[in-house]
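Below, each chain spelled out in residue letters.
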Amino acid sequence: MTDRLPSFDMSRATDEQKAVLDEILSGPRGNLNGPFLGWIHSPELAQHAQRLGAFCRYRTGLPLRLSELAILVTASRWHAQAEWHIHHPIALEAGVQPEDADAIRAGRRPAFADPDDALIHDFATELYDAKRVSDATYAKTVERFGHEVTINLVGLLGYYALVAMTLNVFGMRAQGQTSLPFPE
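Predicted model only: the values in this text are computed from it and were never measured. All residue numbers refer to position in the chain's written sequence, counted from 1. Confidence filtering applies because this is a predicted model: local features only for residues at pLDDT of at least 70, side-chain atom pairs given and counted only at 80 or more, and all residues used for totals across whole chains, interfaces and linings. Side-chain numbers here rest on the full set of heavy atoms in the structure, without hydrogens or water.

**Student:** Describe the side chain of Gln-177, naming the residues involved and giving the relevant values.
**Tutor:** Strands here mean DSSP runs of E at least two residues long; helices mean DSSP runs of H or I at least four residues long; both are numbered from the N terminus. Tracing the chain through its elements places Gln-177 in the segment after helix 8 (135-169). Remark: exposure states derive from per-residue accessible area (1.4 Å probe, protein chains only) relative to the maximum for the residue type, with buried under 20%, exposed over 50%, and partly exposed in between. Given a relative accessible area of 13%, Gln-177 falls into the buried group. Counted as a polar contact is a pair of N or O atoms within 3.5 Å, where, for protein atoms, one must be capable of donating a hydrogen and the other of accepting one, and residues adjacent in sequence contribute only when both atoms are in side chains. Separated by 3.3 Å, the side chain of Gln-177 and the backbone oxygen of Gln-81 make a polar contact. A polar contact of 2.9 Å, which involves the side chain of Gln-177, links it to the backbone nitrogen of Ala-174. Contacts: residue pairs with any heavy atoms within 4.5 Å of one another. Those residues in contact with Gln-177 that sit more than four places away from it in its chain are Gln-81, Ala-82 and His-85.

Quick look at the structure:
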């Protein structure tokens, strides 16, 4: 997995670590791919983060296509190898256009056919670039999705930035990952 963290041995897991892993494996993810085997060295953080992640991935009120688009923007901005590797196929299956994903990976703004895709991209890009969102983009987002979903979008972007930071700091790769989408 990484040489920055000690190997995780399930036979030596604490009760807290086992509880976190059991919850992840029995939840909607059903696997430990991603930051979880890094976070497990801090079981309390792992528990809070994985629960937030389950909400951000599955219950924001955004359609899966738009959530995955936001995750791809995050993965691209952070050059998070494993995050892109895991979410790129999910995004394509959810309806993100391959040419849009390719442009995002290359750091370009796609010529979106769907205005919702453009809005999510613009919101995420403004937040990452300016550390704020313009009044115009904010108003469009609230008008289209409402306040609750807009708040959830900010949470989703923040959560996946945490995932990206974890993966990058500890040099983690996705299970089965043999190529890197971003230069190192």
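Anyway, onward from the coordinates.
**Student:** Tell me about the environment of His-121, and please be specific about residues and values.
**Tutor:** As for its placement among the helices and strands, His-121 is situated in helix 7 (residues 115-130). For His-121, a relative accessible area of 6% puts it in the buried group. With residues up to four places along the chain from it excluded, the contact list for His-121 reads Leu-69, Val-73, Ile-104, Arg-108, Arg-109, Pro-110 and Phe-112.

**Student:** If you had to explain the packing of helix 3 (residues 43-58) against helix 8 to someone new, which residues and values would you point to?
**Tutor:** Here an axis means a line fitted to C-alpha atoms, over the contact stretch when the element is a helix, while the angle between two N-to-C directions is reported on a 0 to 180 degree scale. Viewed as axis vectors pointing N to C, helix 3 and helix 8 meet at an angle of 130°, and their least axial separation amounts to 9 Å. Overall, the two elements helix 3 and helix 8 adopt an arrangement that is oblique. Relative to helix 8, helix 3 is oriented so that their crossing is left-handed. Contacts between helix 3 and helix 8 pair Ala-49, Leu-52, Gly-53, Phe-55, Cys-56 and Arg-57 from the former with Asn-152, Gly-155, Leu-156, Tyr-159 and Tyr-160 from the latter. The nonpolar class holds Ala, Val, Leu, Ile, Met, Phe, Trp, Tyr, Cys and Pro. Asp, Glu, Lys and Arg form the charged class, and all remaining residues, Gly among them, are polar. Partitioning the contact of helix 3 with helix 8 into residue classes produces seven nonpolar, three polar and one charged. Angles are sorted into four bins: roughly parallel if under 35 degrees, roughly antiparallel if over 145, roughly perpendicular if 65 to 115, and oblique for all others. Throughout, a crossing is termed right-handed when the near helix is turned clockwise from the far one, and left-handed when it is turned anticlockwise from it by less than a right angle.

**Student:** Lay out the environment of Arg-4 in plain terms, naming residues and giving numbers.
**Tutor:** Positionally, Arg-4 belongs in the segment before helix 1 (15-26). Relative accessible area serves as the criterion here: at 59%, Arg-4 is assigned to the exposed category. For Arg-4 and Glu-44, which are 40 residues apart along the polypeptide, the C-alpha to C-alpha distance reads 20 Å. In terms of polar contacts, Arg-4 uses its side chain to reach the backbone carbonyl oxygen of Val-169, at 2.6 Å.

**Student:** Go over the packing of aromatic side chains, please, and point to the residues and values.
**Tutor:** For this analysis, a ring pair means two rings from Phe, Tyr or Trp (six-membered ring only for Trp) whose centres lie within 6.5 Å, classed as stacked if their planes differ by under 30 degrees, edge-to-face if by over 60, and tilted for the remaining angles. Scanning all chains against the criterion turns up four aromatic pairs. Judged by centre distance (5.7 Å) and plane angle (80°), the rings of Phe-36 and Trp-39 are edge-to-face. Residue Phe-36 and its partner Trp-39 are both found in helix 2 (residues 36-39); the two are separated by three residues, about one turn of the helix. The exposure class assigned to Phe-36 is buried, which follows from its relative accessible area of 4%. On the basis of relative accessibility, which here comes to 4%, the residue Trp-39 falls in the buried class. On the numbers, 4.9 Å between centres and 85° between planes, the contact of Tyr-159 with Tyr-160 is edge-to-face. No difference in accessibility class separates Tyr-159 from Tyr-160, as the two residues are buried. Site record: aromatic cluster; members linked through ring pairs are Phe-36, Trp-39, Tyr-159 and Tyr-160.

Interpretation note: all reported values are geometric properties and have no functional meaning in isolation.
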